[in-house]
Amino acid sequence: MREPKQFIFTNKDYATLTRMVSQCPRTNTPFVSLLRRKLAQAHVVRSSEVPVDVVTMNSRVTFQVDNHAPDTRVVIPDETDSLVGLTLPITTTTGMALLGMSEKQSMELAGLGRQSRTLTVIGVAYQPEAMGGVRLDVPQGPISARRQGRPFLHLVHSSDEDPESNPVHLHR
């Protein structure tokens, strides 16, 4: 029996997940199981057809886990550009779960050695497809800036030294 289509993905997001599953080991971790479930229940659409309330890559989403306080993050492809408290890579279970979900949609997440958690999408504050592909200007870390050839700040300071003798340097 086929599973109902519960998750909406753009062609690009679906291709990213397909690539991820092909690179996953054949283990049955909660993350790999979730990834396979997402692909099995995927409804794939063109970027121009994705509803504005669906979490896509680079969307800013407010969500809640169980009865904890809501959190707002930007869902991103990988952790190399991750900023603590601002972004959530799809390489995490929560990031993967959010991708393709719609506002007010909930799902159960299995955990390693823990009881399941309920994840609920409260709202999608920004979605690049709804803005015609305009990317949200999320602050990028030095790894991303270096990769793109942009200037970045590099803090060179040790708590054992006088801060005046070790200023912040701008790298190009």
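This text follows the structure it describes.
Figured I'd write up the structure that's included with this text.

## Points about the overall build of the chain
Piece 1. Looking only at helices and strands, the chain has four helices and nine strands in total.
Piece 2. Ordered by position from N to C terminus, the α and β elements of the chain give β-α-α-β-β-β-β-α-β-β-α-β-β.
Piece 3. Counting every position in the chain, which comprises 172 residues, the buried fraction comes to 39%.
Piece 4. Here the analysis covers contacts within the chain between residues at least 6 apart in sequence; of these, 54% occur between residues at least 24 apart.
Piece 5. About 10300 Å² of surface is accessible on the chain, with carbon and sulfur atoms providing 54% of the total.

## Examining the pairing of strand β3 (residues 60-65)
Piece 1. In this structure, β3 lies alongside strand β4 (residues 71-76), joined through four bridges in antiparallel fashion. Across the sheet, Thr 62 pairs through a bridge with Thr 72, a residue of β4.

## Considerations on the pattern of salt bridges
Note that side chains of opposite charge can pair when their charged atoms are close.
Piece 1. Evaluation of the coordinates by the stated rule reveals two salt bridges.
Piece 2. For Glu 49, the salt bridge identified is with Arg 46, shortest N-O distance 2.6 Å.
Piece 3. Judged by relative accessible area, which is 52%, Arg 46 ranks as exposed.
Piece 4. Of the charged contacts in the structure, one is a salt bridge between Arg 73 and Asp 71, with a shortest N-O distance of 3.1 Å.
Piece 5. With a relative accessible area of 19%, Arg 73 lands in the buried category.
Piece 6. The partly exposed category is assigned to Asp 71, whose relative accessible area is 26%.

## Looking at unusual backbone geometry
Piece 1. The backbone phi angle of Asn 58 is positive, close to 75°, even though this residue is not glycine.
Piece 2. Within the element layout of this structure, Asn 58 appears in the loop between β2 (42-45) and β3.
Piece 3. A positive phi angle, close to 50°, is found at Asp 66, a residue other than glycine.
Piece 4. With respect to the helices and strands, the residue Asp 66 is situated in the loop between β3 and β4.

## Structural notes on the nonpolar core
Piece 1. Counting 30 residues, the largest nonpolar core has Leu 17, Leu 35, Ile 90, Met 96, Leu 98 and Leu 119 as its most contacted members.
Piece 2. Contributing elements (two or more residues each) for this core: β1 (7-10), α1 (11-23), α2 (30-40), β3, α3 (93-98), β6 (106-111) and β7 (114-126).

## Quick look at the packing of α1 against α2
Piece 1. Running from N to C, α1 and α2 point in directions that differ by 140°, and their axes come no closer than 10 Å. As the angle between them shows, α1 and α2 are arranged oblique. As for the relative orientation of α1 and α2, their crossing is left-handed in sense. Each of Tyr 14, Leu 17, Thr 18, Met 20 and Val 21 in α1 lies in contact with α2, whose residues at this interface are Phe 31, Leu 35, Arg 36 and Leu 39.
Piece 2. Partitioned by chemical class, the residues of the contact of α1 with α2 number seven nonpolar, one polar and one charged.

Calculation rules
- Residues numbered from 1 in each chain as written.
- Predicted model: local features only at pLDDT ≥ 70, side-chain atom pairs only at ≥ 80, totals over all residues.
- Heavy atoms only, no water.
- Helix = DSSP H or I, 4+ residues; strand = E, 2+ residues; numbered from the N terminus.
- Buried < 20%, exposed > 50% of the residue type's maximum accessible area, 1.4 Å probe, protein only.
- Contact = heavy atoms within 4.5 Å.
- Areas by Shrake-Rupley, 256 points an atom, 1.4 Å probe, with all protein chains shown as cover.
- Pairing = 2+ DSSP bridges.
- Salt bridge = Lys/Arg side-chain N within 4 Å of Asp/Glu carboxyl O.
- Core = buried A, V, L, I, M, F, W, Y, C linked by side-chain atoms within 4.5 Å.
- Axes fitted to C-alpha atoms, helices over the stretch in contact; angles between N-to-C directions.
- Parallel < 35°, antiparallel > 145°, perpendicular 65-115°, else oblique.
- Left-handed = near helix turned anticlockwise from the far one by under 90°.
- Nonpolar A, V, L, I, M, F, W, Y, C, P; charged D, E, K, R; others polar.

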